[in-house]
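The chain contents come next:
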Amino acid sequence: MTTKRRRMIKNFLPALLAASVTAAVAQSSEDDKLGDFFKDYLGEHLRQQPLDATRLADHRFDNRLDDISAEARAGWLALARQTLKELPQQVDYTKLTRDGQIDFEIFQHELQTQIWLTQNTHPFEEDPRTYGRYINDGVYLLLTQSTQPRETNISNCIARMAELPRIIATAEKTLTHPPKAILETAIRQNRGSISFYEKEIFELAANSDTLSPIGGEGRGEGAARDKGPHPPSPPPPPPPPP
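Attention here is on the structure that accompanies the text. Everything quoted here is computed from the prediction, not taken from an experiment.

Thresholds, definitions, all that
Position numbers for residues count from 1 along each chain, tracking the sequence in the order it is written. Side-chain atom pairs in this predicted model are given and counted only at pLDDT of 80 or more, local residue features only at pLDDT of at least 70, and totals for whole chains, interfaces and linings cover all residues. Heavy atoms from the whole structure form the basis of all side-chain values; hydrogens and water molecules are not counted. For the purposes of this section, nonpolar cores are sets of buried Ala, Val, Leu, Ile, Met, Phe, Trp, Tyr and Cys residues that join through side-chain atoms within 4.5 Å. Accessible area is worked out with a 1.4 Å probe on protein chains only. A residue is then buried under 20% of its type maximum, exposed over 50%, and partly exposed in between. Each helix is a run of H or I in the DSSP string that is no shorter than four residues. Each strand is a run of E no shorter than two, and both are numbered from the N terminus. Contact between two residues is taken to exist if any of their heavy atoms lie within 4.5 Å; hydrogens are not considered. Here a polar contact is taken to be a pair of N or O atoms separated by no more than 3.5 Å, where protein atoms must pair a possible hydrogen donor with a possible acceptor and residues adjacent in sequence count only if both atoms sit in side chains. Lines fitted to C-alpha atoms define the axes here, with helix axes fitted over just the stretch in contact, and angles between the N-to-C directions of these axes take values from 0 to 180 degrees. By definition in this entry, angles of less than 35 degrees are roughly parallel, angles greater than 145 are roughly antiparallel, angles of 65 to 115 are roughly perpendicular, and the rest are oblique. The nonpolar class holds Ala, Val, Leu, Ile, Met, Phe, Trp, Tyr, Cys and Pro. Asp, Glu, Lys and Arg form the charged class, and all remaining residues, Gly among them, are polar. Should a side-chain nitrogen of Lys or Arg be within 4 Å of a carboxyl oxygen of Asp or Glu, the pair is scored as a salt bridge.

All right, on to the nonpolar core then. Membership of the largest hydrophobic core comes to 23 residues, with the highest contact counts inside it found for I68, Y134, V139, L143, I167, Y197 and I201. Listing elements by their share of this core, those giving two or more residues are α6 (129–144), α7 (150–161), α8 (164–174) and α9 (180–204). In terms of residue count, α6 provides more of this core than any other element does, seven residues in total. Not counting residues within four places of it along the chain, the set of residues in contact with Y197 comprises I135, N136, V139, M161, L164 and F202. Counting residues in each nonpolar core, the second largest holds 13 residues, with F37, Y41, L96 and L111 among its members.

Here the focus is the side chain of S146. Following the sequence through the fold, S146 ends up in the loop between α6 and α7. Of the residues examined, S146 reaches a relative accessible area of 15% and is grouped as buried. A distance of 3.1 Å separates a polar atom in the side chain of S146 from the backbone nitrogen of Q148. Within polar-contact distance, the side chain of S146 engages the side chain of N153 at 2.9 Å. What S146 contacts, discounting residues up to four positions off in sequence, is H59, D62, L141 and N153.

Moving on, we get to the packing of α6 against α7. Between two packed helices, what matters for the description is the angle formed by their axes and the separation of those axes. Close contact between α6 and α7 brings their axes to 9 Å; oriented N to C, the two are set at 180 degrees. Looking at the two axes, α6 sits roughly antiparallel to α7. Across the interface between the two elements, G138, V139, L142 and L143 of α6 pack against N153, I154, N156, C157, R160 and M161 of α7. Considered class by class, the residues forming the contact of α6 with α7 number six nonpolar, three polar and one charged.

Summed over the entire model, instances satisfying the criterion amount to eleven salt bridges. We note a salt bridge from R60 to D58, for which the minimum N-O separation is 2.8 Å. Taking the relative accessible area as the measure of exposure, D58 reaches 17% and is therefore buried. In this structure, a network of salt bridges that share partners links the residues D52, R55 and D137.

Laid out in structure tokens, this is it:
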């Protein structure tokens, strides 16, 4: 290599490095935009569907269950559609790193899948097992998978149990004519849920005093049904002779 050639490379090398760094920063910035956009979507999705938040170890909404009314579920679909529309508008795919492009594609395909499933399957109308997940998992997951303090988990269980009548009322209003095989499976699963609320919930909660609002009266009545009335207490022993 001639001296003149070495001098040319030496002079242009800083400019080449600067251009490379600038391009890398631009790509990183676009990846950050994708990350921020996804976080905004995920935050709203989890706010709408607290049970998903619990499954993902996000405990901000552990005291709530999803609003599964038809109007609320229309909001889920609207969020997916709006996010899918805004994704290429907010994030420039061509400026992403290859890893960022893969994340973009996965996110995009997931939104498309959500929309297709909502439009072509009808679990809330045709599959009673859908409601069983809220009735059972909404409480069970807090007692078996959450790393929150036990008393916090139990308090959230009580709050969620107070919402179960709303879930059941929505099921009664929404379910149409599920296939027989699915209905029979749901009935068997519901028997397990009944057993969970009659017995296992107290074992999982280790009979904490905080559980008394959901255990006290109902649990006592169950014991009375199982064992019958308590026998009267024996009379006190006679006093000793003088």
